[in-house]
Amino acid sequence: LSLADGVVRWELPVGGSGGALALRSGRLYVGGLFEQVGATPARNLAVLDAASGAVLPWPAALAPNSEVSGMAFDGD
């Protein structure tokens, strides 16, 4: 979702399936069962800058079969 014009578009290929999205503090968290987002390796969980769509560094990698099907935030 472009915050500038409200248009929904996904331009990064995901090497698998995405099943969960969460938006918080200008970041879009994407969960599913995948190996990468665009050209960036990301195992099943990734974070993107909501304004630019750039994949941000994420220190965690989940096990290959650890599909993320939902997300929730708690506190800050």
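Residues numbered from 1 in each chain as written. Predicted model: local features only at pLDDT ≥ 70, side-chain atom pairs only at ≥ 80, totals over all residues. Heavy atoms only, no water.

> It is not clear to me how the pattern of salt bridges should be interpreted in this structure. Could you clarify?
It is possible for side chains of opposite charge to pair when their charged atoms get near one another. If you walk through the whole model with that rule in mind, you get 1 salt bridge. Here Arg 43 makes a salt bridge to Glu 35, at a shortest N to O gap of 3.4 Å. The exposure class assigned to Arg 43 is partly exposed, which follows from its relative accessible area of 30%. (Salt bridge = Lys/Arg side-chain N within 4 Å of Asp/Glu carboxyl O. Buried < 20%, exposed > 50% of the residue type's maximum accessible area, 1.4 Å probe, protein only.)

> Before we go on, may I ask you to explain unusual backbone geometry in this structure?
It is generally the case that most residues other than glycine have a negative phi and that most peptide bonds are trans. Despite not being glycine, Ser 25 has its phi angle at roughly 50 degrees, a positive value. If you trace the backbone, Ser 25 turns up in the loop between β1 (14–24) and β2 (27–37). According to the relative accessible area criterion, Ser 25 is exposed, its value standing at 72%. (Helix = DSSP H or I, 4+ residues; strand = E, 2+ residues; numbered from the N terminus.)

> What am I meant to see in the pairing of strand β4 (residues 45–49) here?
Working note: regular strand, side chains alternate between the two faces of the sheet. The buried fraction of β4 is high, at 4 of 5 residues. Of the strand pairs in this sheet, β2 and β4 are connected by 5 bridges, and their pairing is antiparallel. Its bridge partner being in β4, Leu 28 is matched across the sheet by Leu 48. Sheet analysis places β4 next to strand β5 (residues 55–56), joined by 2 bridges and oriented antiparallel. Bridging across to β5, Leu 48 finds its partner in Val 55. (Pairing = 2+ DSSP bridges.)

> Would you mind going over the nonpolar core with me for this structure?
One broad trend across soluble globular proteins is that nonpolar side chains are buried collectively. Counting 7 residues, the largest nonpolar core consists of Leu 28, Val 30, Phe 34, Val 37, Ala 42, Ala 46 and Leu 48. Where this core is concerned, the elements lending two or more residues are β2 and β4. Per element, the largest residue contribution to this core is 4 residues, and it comes from β2. (Core = buried A, V, L, I, M, F, W, Y, C linked by side-chain atoms within 4.5 Å.)

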